[in-house]
Amino acid sequence: MDDDIRPDVDALRTALAAHGITLPSLGVDVVTLAGSSIRPPLVALGDCNVATARHLTEVLRKAAGG
């Protein structure tokens with residue numbers, strides 16, 4: 001299994017940026033990356049302010065057709 005999820009994180013960052021959304025803490029979760037388990041590493045979405053959360057909600061709702 002390929003555990004390098006950095007391209008996926010970069011793609012998510014780019015897709016969010018296309019909608020004017022920046023998640024400052026977006027990255028690879030280093031704990032799950034360093035851990036030796038059968039699970040793939042996790043993407044850390046991190047913290048964001050309320051305005052960013054609202055904007056993200058709005059974009060997701062529009063994308064879902066609502």
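Computed from a predicted model, the values in this text were never measured in an experiment.

Definitions and limits used
Residues numbered from 1 in each chain as written. Predicted model: local features only at pLDDT ≥ 70, side-chain atom pairs only at ≥ 80, totals over all residues. Heavy atoms only, no water. Patch = residues over 30% accessible without salt bridge, like charges linked within 9 Å, V, L, I, M, F, W, Y side chains within 5 Å. Areas by Shrake-Rupley, 256 points an atom, 1.4 Å probe, with all protein chains shown as cover. Salt bridge = Lys/Arg side-chain N within 4 Å of Asp/Glu carboxyl O. Helix = DSSP H or I, 4+ residues; strand = E, 2+ residues; numbered from the N terminus. Buried < 20%, exposed > 50% of the residue type's maximum accessible area, 1.4 Å probe, protein only. Expected span 1.5 Å × (residues − 1). Polar contact = N/O pair within 3.5 Å; in protein donor to acceptor, adjacent residues only side chain to side chain.

1. What to know about a nonpolar patch on the surface
Consideration 1: The grouping of L12, V43 and L45 at the surface amounts to a nonpolar patch, some 220 Å² of accessible area in total.
Consideration 2: In this fold, V43 is placed in strand 2 (residues 43-44).
Consideration 3: Looking at V43, the relative accessible area reads 36%, which means it is partly exposed.

2. Focus: helix 3 (residues 50-63)
Consideration 1: Across its 14 residues, helix 3 extends 20 Å between first and last C-alpha, which sits within 8% of the 20 Å expected from 1.5 Å per residue.
Consideration 2: Two or three places before A51, at the opening of helix 3, N49 has a side-chain oxygen 3.2 Å from that residue's backbone nitrogen.
Consideration 3: Once helix 3 finishes, G65 follows within two positions and takes phi at roughly 90°, a positive value.

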